[in-house]
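Okay, here's what each chain looks like letter by letter:
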Amino acid sequence: MKKFAIYKAATGYYYHEYFDTMEALAQSDSHFKNIIKEEQLPVAFDGKGGYYHFVGNEVGFVEIIESDEEVPLPVEKMFFKNDDDFKLGWISPDGDTYSCDFTGHAKCAIMLARKFYPTAKYPERALGRHGWIKVIDSWDGTERQHGQFVYSMSGTVTNRQADKLFDLGLYNNPEVKQLLRDSEDVW
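Residues numbered from 1 in each chain as written. Predicted model: local features only at pLDDT ≥ 70, side-chain atom pairs only at ≥ 80, totals over all residues. Heavy atoms only, no water.

Caption draft 1: Expanded view of the overall build of the protein chain. Broken down by element type, the protein chain carries six helices and nine strands. Each principal axis of the C-alpha atoms in the protein chain carries an extent, and together these give about 65 × 40 × 25 Å. Buried positions account for 37% of the 187 residues belonging to the protein chain. Counting contacts in the protein chain only where the partners sit at least 6 residues apart, residues at least 24 apart contribute 50% of the total. Counting every atom, the protein chain has about 11,300 Å² of accessible surface; 48% of that belongs to carbon and sulfur. With 21 positive and 30 negative side-chain charges, the protein chain shows a separation of 3 Å between the mean positions of the two kinds. (Helix = DSSP H or I, 4+ residues; strand = E, 2+ residues; numbered from the N terminus. Buried < 20%, exposed > 50% of the residue type's maximum accessible area, 1.4 Å probe, protein only. Contact = heavy atoms within 4.5 Å. Areas by Shrake-Rupley, 256 points an atom, 1.4 Å probe, with all protein chains shown as cover. Lys, Arg positive; Asp, Glu negative; His and termini not counted. Charge placed at Lys NZ, Arg CZ, Asp CG, Glu CD.)

Caption draft 2: How the structure looks around the packing of aromatic side chains. Overall, the coordinates contain 14 aromatic pairs when judged by the stated rule. Seen from their ring centres, Tyr7 and Tyr14 are 5.2 Å apart, and the 15° between their planes marks the pair as stacked. Judged by relative accessible area, which is 1%, Tyr7 ranks as buried. A ring pair is formed by Phe116 and Tyr117, whose centres lie 6.3 Å apart and whose planes are at 50°; its orientation type is tilted. A relative accessible area of 18% means that Tyr117 is categorised as buried. One aromatic cluster is present, built from ring pairs that chain together Tyr7, Tyr14, Tyr18, Phe54 and Phe61. (Phe/Tyr/Trp six-rings, centres within 6.5 Å; stacked < 30°, edge-to-face > 60°.)

Caption draft 3: View of the nonpolar core. Counting residues in hydrophobic clusters, the biggest one holds 20 residues, and the most contacted among them are Phe79, Trp90, Cys108, Leu112, Leu127 and Trp132. Only β1 (2-8), α2 (75-78) and α3 (105-116) provide two or more residues apiece to this core. Ranked by the residues each element gives to this core, the list is headed by α3, at four residues. Of all hydrophobic cores here, the second largest spans 13 residues; its members include Val135, Val150, Leu165 and Leu180. (Core = buried A, V, L, I, M, F, W, Y, C linked by side-chain atoms within 4.5 Å.)

Caption draft 4: Looking closely at the sheet that holds strand β9 (residues 147-152). In space, the four strands of this open sheet follow the order β7-β6-β8-β9, with antiparallel pairing throughout. Because the sheet does not close on itself, it has two edges, and the strands there are β7 (97-99) and β9. Taken pair by pair, the neighbouring strands of this sheet meet at an average axis angle of 25°, ignoring direction. Bridging between strand β6 (residues 89-91) and β7 involves three bridges; their strand directions are antiparallel. (Pairing = 2+ DSSP bridges. Axes fitted to C-alpha atoms, helices over the stretch in contact; angles between N-to-C directions.)

Caption draft 5: How the structure looks around the side chain of Asn173. Tracing the backbone shows Asn173 in the loop between α5 (159-167) and α6 (174-183). For Asn173, a relative accessible area of 15% gives the class buried. Within the local environment of Asn173, its side chain forms a polar contact with the backbone oxygen of Gln148, the two atoms lying 2.6 Å apart. (Polar contact = N/O pair within 3.5 Å; in protein donor to acceptor, adjacent residues only side chain to side chain.)

Shown next as C-alpha cells:
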C-alpha cells in the first residue's frame, strides 16, 4: 500500500507520494530509490520530478494517508465541487462547478474525464463534446485585476450552466452574452 502526504490549497486538495522506509522506496519505480539515503527519510515526491525531506509542517499539510489507488483522492476533493469561492475551472452541463487554479484546467479535465468518460482519449475535448464549459483566467498583462473568460466548445450553454454563470456574476462578460444568444434556439 502506498502512502501519500495530503495538502490543502484554495481550490482543492493535492497529494505527494510519501516514503518513510527504505523498503517502501525500494519497491517504488522511482529513479530516486538509489539516490536517497536512509538519513534523508521521510521524503515526499513533489510530482514534478523532485523530492524533499518531509517534516510535516509544510504549508497546507493535512495528513498522511494510505491507498492502493493511482490517484488517492476523488475528483470532488481535488477540485472542490460547487465551492462558494469558485473562480476558475469547469462547469458541467448540470451546472456543477469544479474549481482549479490558473494552470489546473488540464489536470482537472483528466480527472473529470476519468470519472465521467473513462474511455476518452483527449480529456478536454471529451468534456467539451459533452457540453462542459471552461472558465479560464483573462488578463492582458496591463489590467489591475484578472478577469474570467468562459469558453464553450459547442458555442452554447445549458439552462443550468446559464443559471450558474448568472450566480457567478459572469452574465455581463461579452462572450457569455454571445453564448446566451446562441443558446436560445437550443433551449
